[in-house]
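# A closer look at the structure
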Amino acid sequence: MNNMNEKKAWLIRPRPHEIYRMPEFKTKNIVAIGWPGIGDITGMSREDLKQTLADAPYHLSGLALGNAYATIDILLNQMKKGDLVLVADGADIYFGEIAGDYSFDRSVDNASDGYPHQRTVRWMNSLSREDLSKELRSALKVHRTAANLSHHFAEIDALAHGQPYQPEKAVSDTIGVSYPLRPNFNIQFEIPNDITRDEAQRLSSYFASLYFSN
């Protein structure tokens, strides 16, 4: 069962309303998404958001509607204080910690500005995209304004704090065996770490079959 208090990590892209806003993100210590014109959405559920976006001014439906309300729901309801956020800005990657609840900035709730739905952020670190693991770089290819990156939380947490990331080594399901067949000659092979008696006996029979008479 997931711990409701467990910290998560999120991707946010710096182009709310299709306008580049990374400078504002950094100077105002925020992350934000677009959809101006729907007003303050504090307290709205996913269903509330769905209905709001289906009405004026957006009149969304189908896949566009689903993507829109899922993205807004991330910023509004799923992000929590203390969660980590990764902002992918081309080759530059910025890491921060969510510092506040959802807020609505009426002064930029228009088509010219277009980033009224915000969260305050404590910026922590920035790196090149090449500093990320191949797996995390691949996760950033998702075509969404916001996305859940919690599967990569350990790496994001380490990089956000300026620490090298050392992935946990997978527990091997094999055992390396070295057998001294004769002086200065060892046989090396691998066996399953849960090898059964029957398998061991068949392996023994196989080795016995390798004898060749002159």
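Figured I'd write up the structure that's included with this text. The model shown is predicted, which means the values in this text are computed figures rather than measured ones. (Residues numbered from 1 in each chain as written. Predicted model: local features only at pLDDT ≥ 70, side-chain atom pairs only at ≥ 80, totals over all residues. Heavy atoms only, no water.)

## As for helix H2 (residues 46–54)
- Within H2 the residues assigned to the buried category are Leu 49, Thr 52 and Leu 53. Viewed end-on, H2 has its buried residues packed into an arc of 90°, placing them on one side of the element.
- Tucked inside the fold, the buried residues of H2 contact helix H3 (62–78). (Buried < 20%, exposed > 50% of the residue type's maximum accessible area, 1.4 Å probe, protein only. Helix = DSSP H or I, 4+ residues; strand = E, 2+ residues; numbered from the N terminus. Arc of directions from axis to C-beta. Contact = heavy atoms within 4.5 Å.)

## Notes on a nonpolar patch on the surface
- Residues Tyr 179, Leu 181 and Phe 185 make up a contiguous nonpolar surface patch of about 320 Å² in total accessible area.
- Position of Leu 181 relative to the elements: it lies in strand E8 (residues 174–182).
- Residue Leu 181 is classed as partly exposed on the basis of its relative accessible area of 45%. (Patch = residues over 30% accessible without salt bridge, like charges linked within 9 Å, V, L, I, M, F, W, Y side chains within 5 Å. Areas by Shrake-Rupley, 256 points an atom, 1.4 Å probe, with all protein chains shown as cover. Salt bridge = Lys/Arg side-chain N within 4 Å of Asp/Glu carboxyl O.)

## Quick look at the packing of H2 against H3
- Where H2 contacts H3, the two axes come as close as 9 Å, and the packing angle between them is 135°. As far as their axial angle goes, H3 and H2 are oblique. The element H2 and its partner H3 pack so that their crossing is right-handed. On the side of H2, the interface is formed by Arg 46, Leu 49, Lys 50, Leu 53 and Ala 54, while H3 contributes Leu 65, Ala 68, Tyr 69, Ala 70, Ile 72, Asp 73, Leu 76, Asn 77 and Gln 78.
- Of the residues that constitute the contact of H2 with H3, the class distribution is nine nonpolar, two polar and three charged. (Axes fitted to C-alpha atoms, helices over the stretch in contact; angles between N-to-C directions. Parallel < 35°, antiparallel > 145°, perpendicular 65-115°, else oblique. Left-handed = near helix turned anticlockwise from the far one by under 90°. Nonpolar A, V, L, I, M, F, W, Y, C, P; charged D, E, K, R; others polar.)

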